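Here is what each chain is made of, one letter per residue.
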Amino acid sequence: MSMPLTRSLTIAIGASALTLLTACGGVTEMTRQQVARSETAVNQAQASLGTSEAGAIELQQAKNYFSQAQKAVEAKDDVQAQRYANQAELNAQLSVAKSHKASARKAADELLASIQTLRQETNRAPAQ
Amino acid sequence: MKRTHNIILAAALAAAIAGCSSTPEQPIAELETARAIVPQVESSPRAGVAAQNVSDARKALDSANAMMEKGGKVDDIRYEASIAATNAQIANEKILEAQAKEEIAKGESERQQVLAEAREREAVAARDRASSLEQELKDLKAKKTDRGLVLTLGDVLFDTGKATLKPGAFATLDRLANALREDPSRRVVIEGHTDNTGSDEFNQQLSENRAMSVQSALMQRGVSGDQISAMGKGEGYPVASNDNAAGRQQNRRVELIFTEDNSGQRVATD
């Protein structure tokens, strides 16, 4: 093979490799960290929710986003990985917020009901 | 044939353009949602409990709106809008949680208040009950002594030499029983006494039997046995001289001694 051909081939390979790198050149460290954070958030939400119904849908959504984020990392799609990870994290937060809200509301309702009962009882109790 | 090709090509091109860029004619659902709920949480008086989420929501919504203006990519707009909407939802949940907790705090103090009212009412009722017993005893001419209020049931209320109560005692016993039932904290000590006629043993037995029969009469009228104790004191505690009939009659008696609550002021037996 003549020299120029080898050279142009090298250039061609180099160029295409460069294109490949910029196009889907893997995922940045920042994105990886974001994906890891979202995984932590999902796991924490799972632990916090337990079997609570409130927030369960959002937690499932967070899990779905997280697995999409993982796929995007595998596909070396930095932007999508970051977006899915962000959405996973936010949905995990939302599920926890919903479950906290639900238990606070339940406690408030129970307390109000107990006050109601107490009032009725003390009003009913005759002064003998 | 060639025309068909062209049409397909044109359609594909249009699809590509619509798919990857330019402002769509259709409204973006995520953006509509974000536009509706972000201002809601911003205007909540409790927005402070979710300040970070509210401000993140606003930033993302502004960015989505700006892209919409400039004809940005639908996917980008959709993403920013969903970040805005989710943050607003989180803020909303936190606001509702704060609201519930405020209700709990308010409810706690309300509960305390209701309980305090109930206690106060109970205390007033107890005072009323106590005063009704005081009143009864006053009406029945109970005497205030250092042993407590002493009510004397005279000899005439018993059959001679026997422990059976005569019907004449019933009205008094009814009133005492009512008053004692209303105030379960009051205690009464029933003491039987005799004159010095007859043997000591007989007098002791008679005084015991008379005290017991007053006790059982009160219990038959619903007074708790815990409130009553009864004993015979025989002839040893005369209140008048045994030398004449009038004095002896005064000595033949049953005394009911009312003590304050169960504060250990139970009357000494001697």
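Residues numbered from 1 in each chain as written. Chains lettered and ligands numbered in written order. Predicted model: local features only at pLDDT ≥ 70, side-chain atom pairs only at ≥ 80, totals over all residues.

Secondary structure assignment for chain A yields four helices and zero strands. A total of 128 residues make up chain A; the buried ones form 33% of that total. (Helix = DSSP H or I, 4+ residues; strand = E, 2+ residues; numbered from the N terminus. Buried ≥ 20, exposed ≤ 12 C-beta atoms within 10 Å, placed from the backbone.)

Here we come to the interface of chain B and chain A. How big an interface is tends to be stated in terms of the accessible area lost upon association of its parts. Taken together, the contact pairs 26 residues of chain B with 23 residues of chain A. The dominant element in the side of chain B that touches chain A, judged by the number of residues it contributes, is helix 4 (residues 74-139) of chain B, at 25 residues. Grouping the amino acids of the side of chain B that touches chain A by side-chain chemistry returns nine nonpolar, five polar and 12 charged. (Contact = placed C-beta atoms within 7 Å. Nonpolar A, V, L, I, M, F, W, Y, C, P; charged D, E, K, R; others polar.)

What follows is about the pairing of strand 2 (residues 148-154) of chain B. Residues and elements named next belong to chain B. Relative to strand 2, strand 1 (residues 143-145) runs antiparallel, the two being bridged by three bridges. Residue pairing across strands places Lys 144 opposite Leu 149, the latter belonging to strand 2. Pairing between strand 2 and strand 5 (residues 253-259): six bridges, direction antiparallel. Bridging across to strand 5, Thr 152 finds its partner in Glu 255. (Pairing = 2+ DSSP bridges.)

Before going further, it helps to spend a moment on the packing of helix 4 of chain B against helix 5 (residues 170-182) of chain B. Packed helices, taken two at a time, are described by the angle their axes make and the gap between the axes. Residue and element names in this part refer to chain B. As a packed pair, helix 4 and helix 5 sit with axes 8 Å apart at the nearest point and diverge in direction by 160 degrees. For the element pair helix 4 / helix 5, the angle class is roughly antiparallel. In this structure, helix 4 meets helix 5 at a crossing whose hand is left-handed. Residue-level inspection shows Arg 129, Ser 132, Leu 133 and Glu 136 of helix 4 in contact with helix 5, the latter providing Arg 175, Leu 176, Ala 179, Leu 180 and Glu 182. Taken together, the residues that form the contact of helix 4 with helix 5 break down as four nonpolar, one polar and four charged. (Axes fitted to C-alpha atoms, helices over the stretch in contact; angles between N-to-C directions. Parallel < 35°, antiparallel > 145°, perpendicular 65-115°, else oblique. Left-handed = near helix turned anticlockwise from the far one by under 90°.)

All names here are of chain B. Taken together, the five strands give an open sheet; going across it, the order is 1-2-5-3-4, and neighbouring strands pair in mixed fashion. The open sheet has two free edges, formed respectively by strand 1 and strand 4 (228-232), since each of these has just one partner strand. The sheet shows a mean angle of 25 degrees between the axes of neighbouring strands, direction not considered. Sitting on the sheet, helix 6 (residues 200-220) is in contact with strand 2, strand 3 (187-193), strand 4 and strand 5, with an inclination near 160 degrees to strand 4.

None of this, on its own, says anything about what the molecule does.
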